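# Structure at a glance
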Amino acid sequence: VTSGDGWVTMVVRPLLNMESTADSFSANALPALFFISYYVLTGVILFNIVVAVLLDEFVARNAVEKMASAEEDLLGAGHELDPLLMALSDFKNEKDLQIGISKLFDTMDENESNTIDFKQMQSGLERLNVRPEIHISHDDWDNLTDNGALCNDQGEISRDTFISTIRRQVLLFVYHRFSAARIPPQGQDDTQAAVLSALKLLLLHIDPGDTGAE
């Protein structure tokens with residue numbers, strides 16, 4: 001009935017079978033009213049509701065995919081820096097994290113100019129005792145420095161800029177691990193590590209001494 005298939009031959013004619021008398025017409029008017037109302041309700045109103053729900057689900061799913069894509073963009077060079085970010089994410093508090101990033105900067109700032117450029121960061125990361133080794137490209141550098149917007153006229157970034165940038169990458173890395181942990185993992189230890197990292201992230205945001213928050 002709802003689809004309209006065989007509406008006339010299977011529904012209308014057998015039920016109405018209208019004769020010329022007024023009594024017969026009155027008796028068959030009730031099923032006619034019922035099926036017409038039913039068809040209008042299901043074929044017009046409910047059908048539009050179903051379409052609206054499906055469209056809403058499609059829009060919501062599309063929004064989730066866009067958010068996931070945006071998250072990947074925010075991670076920037078995070079994929080290449082994962083070994084480093086993994087080590088830095090083992091911090092005790094905000095001060096401990098900033099000290100670790102500051103020490104990392106010192107290993108790269110060989111000329112003690114309090115600034116580093118792409119080559120200094122590239123060579124400094126390659127000297128780190130992490131596995132796998134880190135080899136950043138110019139694209140990774142551009143992602144970290146917002147296409148050079150964080151650099152000075154010589155294409156260098158300062159200590160404070162480096163600390164805030166790497167700190168942000170660490171937080172995004174922790175968030176990324178937490179998001180991935182929602183998928184059933186292969187090992188229980190990995191899940192516990194992701195949960196602990198997420199808790200650190202939450203604690204970091206409510207830390208009154210969090211002077212590096214954006």
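Conventions adopted
Residues numbered from 1 in each chain as written. Predicted model: local features only at pLDDT ≥ 70, side-chain atom pairs only at ≥ 80, totals over all residues. Heavy atoms only, no water. pLDDT = per-residue confidence, 0-100. Contact = heavy atoms within 4.5 Å. Buried < 20%, exposed > 50% of the residue type's maximum accessible area, 1.4 Å probe, protein only. Helix = DSSP H or I, 4+ residues; strand = E, 2+ residues; numbered from the N terminus. Arc of directions from axis to C-beta. Polar contact = N/O pair within 3.5 Å; in protein donor to acceptor, adjacent residues only side chain to side chain. Patch = residues over 30% accessible without salt bridge, like charges linked within 9 Å, V, L, I, M, F, W, Y side chains within 5 Å. Areas by Shrake-Rupley, 256 points an atom, 1.4 Å probe, with all protein chains shown as cover. Salt bridge = Lys/Arg side-chain N within 4 Å of Asp/Glu carboxyl O. Core = buried A, V, L, I, M, F, W, Y, C linked by side-chain atoms within 4.5 Å.

### Some points on the confidence of the model for the protein chain
On average, residues of the protein chain score 75 in pLDDT, and 62% of them reach the 70 mark or higher. Under a pLDDT of 50 for its full length, residues 206–214 has, in the predicted model, 12 contacts with residues more than four places off or in other chains.

### Some details on helix H5 (residues 118–127)
Residues of H5 that are buried: Phe 118, Gln 120, Met 121, Gly 124 and Leu 125. The buried residues of H5 all sit within an arc of 165 degrees when viewed along its axis, so they share a single face. Structurally, the start of H5 carries an N-cap: the backbone nitrogen of Lys 119 is 3.3 Å from a side-chain oxygen of Asp 117.

### A closer look at the environment of Phe 173
By the secondary structure assignment, Phe 173 is in helix H7 (residues 159–180). For the pair Phe 173 and Met 86, spaced 87 residues apart in the sequence, the C-alpha separation amounts to 7.9 Å.

### What to know about unusual backbone geometry
Both trends apply: most residues other than glycine have a negative phi, and most peptide bonds are in trans. Phi angles above zero are rare outside glycine, and Glu 112 is one such case at about 55 degrees. Mapped onto the secondary structure, Glu 112 falls in the loop between helix H4 (94–108) and strand E1 (115–116). For Glu 112, a relative accessible area of 71% corresponds to the exposed category.

### What about a nonpolar patch on the surface?
Judged by side-chain polarity, Ile 36, Val 40, Leu 41, Val 44, Ile 45, Leu 46, Ile 49 and Val 53 come together as a nonpolar surface patch covering roughly 660 Å² of accessible area. Position of Val 40 among the secondary structure elements: in helix H2 (residues 22–75).

### Details of the pattern of salt bridges
A full pass over the atoms with the stated rule returns 3 salt bridges. A salt bridge links Asp 106 to Arg 159, with the shortest nitrogen-to-oxygen separation between them at 2.6 Å. Here Asp 106, found in helix H4, pairs with Arg 159, found in helix H7; they are 53 residues apart in sequence, far enough to count as distant. In this structure Asp 106 comes out as partly exposed when scored by relative accessible area, which is 41%.

### Remarks on the nonpolar core
One recurring pattern in soluble globular proteins is that nonpolar side chains are buried together. Judged by nonpolar contacts, the single largest core of 28 residues is most densely connected at Leu 81, Leu 84, Leu 88, Met 121, Leu 125, Phe 162 and Val 170. Looking at this core, the elements that each hand over two or more residues are helix H3 (78–88), H4, H5, helix H6 (138–144) and H7. It is H7 that contributes the most residues to this core, 6 residues altogether. Here Leu 81 is in contact with Leu 125, Ile 134, Ile 136 and Leu 144, once residues within four sequence places are set aside.

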